2 protein chains.
Amino acid sequence: MSVLPKSVENVIAQFSKLPGVGPKSAARMTYHYLRSPNGDATNLANALIDMDENICFCTKCYNVSDKEVCSLCDSLLRKNSKICVVEEPLDVVAFENSAVYEGFYFVLGGVISPAEGIGAEDLRFKQLKERCNELLKELESKRLEVIVATNPNLEGEATASYIHDMFEKYIKEGTMVVSRLAMGLPTGADLEYADRLTLKRALEGRRSI
Amino acid sequence: MSVLPKSVENVIAQFSKLPGVGPKSAARMTYHYLRSPNGDATNLANALIDMDENICFCTKCYNVSDKEVCSLCDSLLRKNSKICVVEEPLDVVAFENSAVYEGFYFVLGGVISPAEGIGAEDLRFKQLKERCNELLKELESKRLEVIVATNPNLEGEATASYIHDMFEKYIKEGTMVVSRLAMGLPTGADLEYADRLTLKRALEGRRSI
């Protein structure tokens with residue numbers, strides 16, 4: 001016999017599904033709602049239902065959006081000669097929060113990962129090609145830069161190569177440049193603790209000063 | 001202008017209210033629901049609403065319950081000569097999962113903590129006294145043991161003292177024994193890393209073998 005009422009067990013089970021949340025954390029989260037004055041649980045419930053009902057994917061960049069075309073793709077202030085390919089919507093938030101980029105985005109929806117059973121057909125490569133063609137048509141310069149900003153790991157590298165190969169014809173034509181974010185030491189890092197690959201990349205990418 | 005749609009921001013804000021969940025974790029949790037097939041967010045929302053509607057506090061032990069009297073207080077298998085006073089409902093779960101205790105419980109709702117502005121009047125001392133009197137009436141032996149299982153820290157100790165003082169008359173009468181969980185080294189601990197207070201308590205509570 002379980003000690004907890006079924007409706008409490010249910011909430012714990014739901015929270016346990018979250019990435020990085022174990023049964024103990026899920027229980028603590030659930031008890032927070034049991035303890036807190038009436039309303040907090042209902043507020044979260046309503047926010048979730050509202051999100052489920054109102055959020056769709058932008059038809060241009062596939063970021064989460066509450067409109068058919070998101071505010072970033074719809075903005076006249078963004079440069080249309082650059083498109084930055086990221087894995088997840090949170091990556092767009094990271095770029096926007098640091099205000100270092102002015103072009104468009106494209107959310108791939110993940111990376112090629114044979115280990116997790118994610119192949120090229122599971123990602124938005126077709127849509128990326130369509131979007132790039134659309135941008136190329138609009139561009140006076142007829143020269144588009146695709147910045148691949150997948151994470152700097154094995155899967156991210158493989159996905160970057162795949163994108164490069166996919167656009168090979170355009171690259172040879174000279175209508176497209178596919179670039180990759182620089183790799184090296186992060187700001188504030190301690191050289192002593194840098195891993196081998198980071199050091200290798202930092203050395204390969206060295207610049208004259 | 002925020003990058004995220006308002007309904008997504010709302011869910012992040014709600015998750016951020018959880019103890020130990022920062023804005024980054026809240027965003028990751030929210031994106032889990034955005035990514036997962038429709039239904040997960042609604043399931044959590046429904047579970048929360050269901051919990052809010054169906055859960056009350058047991059009128060005997062003040063643990064969370066879906067009935068007026070919880071299954072533990074209602075059980076004929078529990079020994080009614082012992083009552084274990086804990087801070088929170090999760091402490092009851094910890095005891096029950098380890099199956100080391102057969103008496104009743106009482107959930108105090110916290111501990112006396114001047115730093116957090118929690119005084120004796122904010123906790124269920126009156127209800128504890130009532131429950132103990134109720135148990136004493138039922139008991140043939142007329143001898144009740146109150147096991148104080150508050151956490152082994154300053155506030156927990158102060159609360160244990162408060163309970164001891166509250167029942168002083170009963171203790172002198174011989175109708176009540178107030179005890180405290182043993183303190184010492186936890187199983188599997190490394191003496192080398194034990195803190196001073198734990199070592200002190202372990203030494204004070206030493207037993208002949």
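Data block above holds the structure.
Residues numbered from 1 in each chain as written. Chains lettered and ligands numbered in written order. Predicted model: local features only at pLDDT ≥ 70, side-chain atom pairs only at ≥ 80, totals over all residues. Heavy atoms only, no water.

Undergrad: Would you mind showing me how to read the pattern of salt bridges here?
TA: Where side chains of opposite charge bring their charged atoms close, a pairing between them can arise. The full count for this structure, using the stated rule, is 18 salt bridges over all chains. When the shortest N-O distance is used, the salt bridge between Glu157(A) and Arg180(A) registers 2.9 Å. Here Glu157(A) is found in helix α7 (residues 154-166), whereas its partner Arg180(A) is found in strand β6 (residues 176-180), with 23 residues between them in sequence. In this structure Arg180(A) comes out as partly exposed when scored by relative accessible area, which is 26%. Arg201(B) is the salt-bridge partner of Glu204(B), the closest N and O atoms lying 3.9 Å from each other. With Glu204(B) and Arg201(B) both in helix α9 (residues 196-204), this residue pair falls three residues apart, about one helical turn. Note on Arg201(B): relative accessible area 25%, which makes it partly exposed. Linked through salt bridges whose partners overlap, the residues forming this network are Lys60(A), Arg131(A) and Glu134(A). (Salt bridge = Lys/Arg side-chain N within 4 Å of Asp/Glu carboxyl O. Helix = DSSP H or I, 4+ residues; strand = E, 2+ residues; numbered from the N terminus. Buried < 20%, exposed > 50% of the residue type's maximum accessible area, 1.4 Å probe, protein only.)

Undergrad: Is there a simple way to think about the interface of chain B and chain A in this case?
TA: Across the contact, 51 residues belong to chain B and 51 residues belong to chain A. When the area that chain B buries against chain A is broken down by residue, the three leading residues are Val3(B), Leu48(B) and Met51(B), summing to 13%. Here chain B and chain A share two salt bridges between them. Between Asp40(A) and Lys17(B) there is a salt bridge; the shortest N-O distance is 3.8 Å. Our count for the chain B to chain A interface comes out at two residue pairs in polar contact (both at pLDDT 80 or more). Listing elements by their share of the side of chain B that touches chain A, those giving two or more residues are α1 (6-16), α2 (23-35), α3 (40-54), β2 (64-65), α4 (71-74) and α5 (89-98) of chain B. Among the elements that line the side of chain B that touches chain A, the one with the most residues is α3(B), at 13 residues. Its residues assigned to classes, the side of chain B that touches chain A shows 29 nonpolar, twelve polar and ten charged. (Contact = heavy atoms within 4.5 Å. Buried area = accessible area lost by both parts, 1.4 Å probe. Polar contact = N/O pair within 3.5 Å; in protein donor to acceptor, adjacent residues only side chain to side chain. Nonpolar A, V, L, I, M, F, W, Y, C, P; charged D, E, K, R; others polar.)

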